[in-house]
Amino acid sequence: MRTETPQPIRLSDYRPPAFLIDEVALAFDLAPNTTRVKARLSVRRNGAHADPLKLNGERLKLISVAVDGRALAEAEREVDAEFLTVPGVPDAFVLETEVEIDPENNKALEGLYMSGGRFCTQCEAEGFRKITYWPDRPDVLSRFTVRIEADKAFPHLLSNGNLIEKGELSGGRHYAVWNDPFPKPCYLFALVAGALDVLEDKLVTMSGRTVDLRIYVDPGMAPRAAYAMDALKRSMKWDEEAFGREYDLDLFMIVAVRDFNFGAMENKGLNIFNSSLLLADPATATDMDYERIESVVAHEYFHNWTGDRITCRDWFQLCLKEGLTVFRDQSFSADMRGHAVQRIKDVKALRARQFAEDQGPLAHPVRPSSYLKIDNFYTATIYEKGSEVIRMLKTLIGPEAFRAGMDLYFERWDGHATTVEEFIKCFAEASGRDLSDFFGWYEQAGTPRLSLSSAYDVARRTLEVEIAQETPPTPGQPTKTALPIPVRLGLLDQDGRTQAFLRDGEALDETVVVLSEAKTTVRLEGVDRPPVVSALRGFSAPVVMTTDAQPKDRYVLLAGDPDLFNRWEAGQELARELILARAAGQPDEVGEERFAEAMGRALSDQAADPAFKALLLAMPSEPDLALARQPADPAALHEAREALRLRLAVHLAEDLKRLHSGLQESGEFSPDAASAGRRALRNAALELLAANPKAETAELALGHYRAAGNMTDAMGGLAALMLIGGPEYEAALEDFYAKWKAEPLVVDKWFAVQARDPDETALGRVMGLTAHPAFDPKNPNRLRALVSTFANFNPVRFHDPSGAGYRFLADQILAVDRYNPMTAARLVDPLGGWRRYAPALGQLMKAELERILASEGLSKNVFELVTRALG
Ligand code: 0A1
Ligand code: ZN
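In this convention, every chain numbers its residues from 1, walking through the sequence in written order. Working convention: letters from A go to chains and numbers from 1 go to ligands, in the order in which they are written. Note on the predicted model: pLDDT of at least 70 is required for a residue's local features to be given, and 80 or more for side-chain atom pairs to be given and counted; whole-chain, interface and lining totals, by contrast, use all residues.

A. Region of the structure containing the overall build of the protein chain. Summing up its helical and strand segments, the protein chain has 28 helices and 34 strands in all. Its C-alpha atoms give the protein chain a radius of gyration of 28 Å, near enough to 29 Å, the size a compact globule of 871 residues would have. The C-alpha extent of the protein chain, read off along each of the three principal axes, is 90 × 65 × 60 Å. Residues are called buried when their C-beta atom has 20 or more other C-beta atoms within 10 Å, exposed when it has 12 or fewer, and partly exposed otherwise; all C-beta atoms are positioned from the backbone. Per-residue burial over the protein chain gives 49% buried out of 871 residues. Going along the chain from the N terminus, every DSSP run of H or I of four or more residues is numbered as a helix, and every run of E of two or more is numbered as a strand. Atoms counted for the radius of gyration: C-alpha only. Globule rule: 2.2 Å times residue count to the power 0.38.

This is how it looks when you write it as structure tokens:
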């Protein structure tokens, strides 16, 4: 157990920086175990005070410190494990430091480290302090000049901004000097050095400037960066058109690295990507990989304005850049791939990750007010709910006022570090609205529960809709206030035709009801026929809604709601109710048959987009079902879900087989949305058929796997075989590994598919795989492919009644925490929900959390999450 309890950082304690640094010159002398970093800082006192200069620095070997050219004696400065303190400094001076660091042995992958024989950096959130002494906080913005010197065995020497000089040195060494004209916080600093191939392109911006685009990858991999390059160019154009934002440097670079804790990083002019989110070709990447690459390339690029040019004052404001940038990348993806399908996917992800977070011990507001380790707050709440909040803001004030507010924000805050309050102020000014209530969305944790009931008066032809809101308590926030919630709604009649209505005398097909109190009632007039209410269209707010709708109403919506989100939602709700009833021991066989018939009709709708039908066919996930009714029994949910899938597989067998053969691809692979949608539907049909594990299905799946001309279909086949099990699956697994063992990103998929296997043997298999020669827990992608996939996506085996699944996860967390706390902490989440499970399971989960907490030398990262989970 730790002896001292770490102290939280609080938003209310924010003070402006004591010193500012306008300019910095860094000089790196790179060597794997002994890199020297010289820093020359132009420092100036900020405000009238006599504080000493206090700089963050961790794991640095201090060589020297000088003030205005004079070397300091040891007695003139203080150094401990976290800070360098220099008392009695002048109001303006030059500080020079030299430190030594060991990138090769940096397995935490924060600061400067080595991946695949190359140097690279990760500084967000607090990694820069592992490179040099510095006020490591986002509100100190400086102009960086960076000189990199290295052996020529590291041919490319890259940093932020523009290359201003390069040359040869004696002894087989060379150097490069980079200058970034835009002041930036240190978390946006980046350096890369090593052997790389580059894919180059150009883009002419809206004002006619030509920008060089370069994507650096492992030697031999340049062709696999082509899709990322295409996505980058589309992102740059989209940001000009949708937000009027132009790129600002003459060069934009992306580098792919294989060892990376997160997805990607928006360093100014030099984005660094996890290679899994950059490299793609049809043979090795699935459509889902292509889709994620497109959205992450866009996300990181969009940060150039929302994050880099305007950054966060402190880390409590993280959603200022992340929620906004997710909103921007989701809008981009919707424009690229279709609004309804994109919205459904985004909402599925929100529910799976953020709603779960909000129901657990780690629930926190979009803008939290205290933390121990900020790295633990890169959460679905900050990112995805942060985006939902902006989406609601746009719905509430309208698209024109929203755009005007964004323009004002860019104009007012360019070059600064700011806060969420200032951001919202821009929209209040642009719209002339009082948005003070809206701020509650940033400060209040928890998912509001809405209940909607409606009363139709045939004689008066009026419909009264009453909507009540309530947010359940979350840790530290026992009481909640009502929030402004936009509920988009429309009416159908019993035949599924849209019904117009009058609201305050205005004839409408659709309206937005804004809830501002605990209960709101609206009266719609001119409702000629008995209505079916379609509410929360497009998922207009991140809430859980229950309504008084009957199954027959949901069938009307499923068959013909013009709002495709709600059409999909109706299917999901019907399925959810049927599965939950079965899991509770009360199967509704008649209802299941009726559902299967309705799904059959939806599948035969020629007008519907295949990508949409694929989503319709996928039953609610087990983690999603576990949230719906508590305490959750993962085994019962798994069985009930499989039973419904089996019924669909049997009832729709002929339709599904016809779809499967009819959608077979001929001709060249294209990653575009329409082709991907057809593959998604074909694979969804196969996955559903696999619920019926007959010899015939196994043969179909094996044939699918063998005939696959791309990774999407190969994985579709392998996943179906995994569900069926047996010799065909084992043969395919072996074949897959033999074929792809030299391709790390594909080997990750091989690990992941085995981790998702619901068969009883899966935990043994997963544990066995930790001893596989290709299992390298120091590589976060490989670790996540096996361990995180198992714990998050295989509920029935993770929640094994023996507790062996929990023990396995806890052992992995403890092992990884020794060298990579950030990644270890991200594995804690599946244990955190222990209160939501049947007590026999919950107690075993809790015991593992306690065992972790009692372990020697736990990192702050894991300590924080485990304590909160137990708290
Ligand atoms: N800002 C990046 C994600 C990121 C966050 C934290 C990291 O290390 C603690 C690394 C990357 C993004 O939003 O893409
Ligand atoms: Zn981001």
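Having seen the model, we can carry on.
B. Focus on the confidence of the model for the protein chain. This prediction gives the protein chain a mean pLDDT of 97; 100% of its residues lie at or above 70. Scored by ipTM, the complex comes to 0.99, with pTM at 0.98. Every residue is assigned a pLDDT by the predictor, reflecting its confidence on a scale from 0 to 100.

C. Quick look at helix α27 (residues 839-853). Multiplying 1.5 Å by the residue count of a helix minus one yields the expected span of that helix. With 15 residues, α27 ought to run about 21 Å at 1.5 Å a step, and its terminal C-alpha atoms sit 20 Å apart, in line with that. Taken residue by residue, α27 has L841, L844, M845, E848, L849 and I852 as its buried positions. The buried side chains of α27 occupy one side of the element, clustering within an arc of 145 degrees when seen end-on. Summarising the geometry of α27, the exposed residues directed more than 90 degrees from the buried face are P839, A840, Q843 and E850. The arc in question is the one spanned by the directions pointing from the helix axis to the C-beta atoms.

D. Up close: the site of ligand 1. Around ligand 1, the surrounding shell holds 15 residues, and the nearest of these are E124, F262, M265, D375 and Y378. Of all elements in the fold, only β20 (264-265) and α2 (287-302) reach the threshold of two or more residues within the shell around ligand 1. All amino acids are sorted into three groups, where Ala, Val, Leu, Ile, Met, Phe, Trp, Tyr, Cys and Pro are nonpolar, Asp, Glu, Lys and Arg are charged, and the leftover types, Gly among them, are polar. Here the shell around ligand 1 is composed, by residue class, of 6 nonpolar, 4 polar and 5 charged. What makes a residue near a molecule or strand is its C-beta atom, placed from the backbone, lying within 6 Å of it.

E. Representation of the sheet that holds strand β8 (residues 83-86). A pair of strands is considered paired only if DSSP assigns at least 2 bridges between the two. Within the open sheet, the 3 strands sit side by side as β4-β8-β7. Their pairing is antiparallel. Edge positions in the sheet fall to β4 (53-56) and β7 (78-79), since each of these pairs with one other strand and no more. Judged from the 2 bridges that link them, β7 and β8 form a sheet pairing that is antiparallel. By the bridge assignment for β8, V79 is matched with L84.

F. Structural detail: the UniProt feature "domain: Aminopeptidase N-like N-terminal" (unreviewed entry) in the protein chain. The sites that UniProt annotates as "domain: Aminopeptidase N-like N-terminal" (unreviewed entry) are residues 48-188. Overall, residues 48-188 shows 0% helix and 52% strand. The separation of its end C-alpha atoms is 29 Å. UniProt positions are given in the numbering used here, feature names are shortened, and annotations may be inferred rather than shown by experiment.

G. Molecular detail of the sheet that holds strand β19 (residues 251-257). The 5 strands are arranged β17-β18-β19-β21-β20 in an open sheet whose pairing can be described as mixed. At either end of the open sheet lies a strand with only one pairing partner, and these are β17 (197-204) and β20. Relative to β19, strand β18 (residues 210-217) is paired through 5 bridges, and the arrangement is parallel. Its bridge partner lying in β19, Y216 is registered against V255. Running at roughly 25 degrees to β17, helix α1 (residues 226-243) makes contact with β17, β18 and β19 of the sheet. For every residue pair, C-beta atoms are placed from the backbone, and the pair is scored as a contact if these atoms sit within 7 Å. A fitted line through C-alpha atoms represents every axis, and for helices the fit uses only the stretch in contact; the resulting angles, taken between N-to-C directions, go from 0 to 180 degrees.

H. Inspection of the nonpolar core at higher detail. Working definition: the nonpolar core is a set of buried Ala, Val, Leu, Ile, Met, Phe, Trp, Tyr and Cys residues, joined through C-beta atoms within 7 Å. Membership of the largest hydrophobic core comes to 254 residues, with the highest contact counts inside it found for A228 and V255. The leading source of residues in this core is helix α18 (residues 711-724), at 10 residues. Apart from residues lying up to four places away in sequence, V255 is in contact with C120, L158, V192, Y216, L270, I272 and F273.

I. Representation of the packing of α18 against helix α19 (residues 727-740) in the model. Taken N-terminus to C-terminus, the directions of α18 and α19 make an angle of 145 degrees; their axes are 8 Å apart at the nearest point. Handedness of the crossing formed by α18 with α19: left-handed. Taken together, the residues of α19 that come into contact with α18 (itself represented by L718, L721, M722 and I724) are E728, Y729, A732 and F736. Classifying every residue of the contact of α18 with α19 by side-chain character gives 7 nonpolar, no polar and 1 charged. When the near helix sits turned anticlockwise from the far one by under a right angle, the crossing is termed left-handed; a clockwise turn instead gives a right-handed crossing.

J. Seen up close, the environment of L688. The topology assignment puts L688 in helix α16 (residues 673-689). Judged by C-beta crowding, with 25 C-beta atoms within 10 Å, L688 ranks as buried. If near-sequence neighbours (up to four positions away) are discounted, L688 is found in contact with L617, R645, L648, A649 and L656.

K. Representation of unusual backbone geometry within the structure. Going from E124 to A125, the amide bond is cis rather than trans, its omega being -5 degrees. For A125, the position within the fold is in the loop between β11 (118-122) and β12 (142-151). The peptide bond linking Q630 to P631 adopts the cis configuration, its omega dihedral lying at 0 degrees. In this structure, P631 sits in the loop between α13 (622-628) and α14 (634-651). Positive phi is not limited to glycine here, since D68 has a value of about 50 degrees. By secondary structure assignment, the location of D68 is in the loop between β5 (61-67) and β6 (70-71). Classification of D68 by C-beta neighbours within 10 Å gives exposed; the count is 11. Positive phi outside glycine occurs at D504, with the angle close to 50 degrees. Within the secondary structure layout, D504 lies in the loop between β29 (501-503) and β30 (506-508). Taking the number of C-beta atoms within 10 Å as the measure of exposure, D504 has 10 and is therefore exposed.

L. Representation of the UniProt feature "domain: Peptidase M1 membrane alanine aminopeptidase" (unreviewed entry) in the protein chain in the model. As recorded in UniProt, the feature "domain: Peptidase M1 membrane alanine aminopeptidase" (unreviewed entry) lies at residues 227-439. Annotated as residues 227-439, this span is 55% helix and 9% strand, and its ends, taken at the C-alpha atoms, are 39 Å apart.

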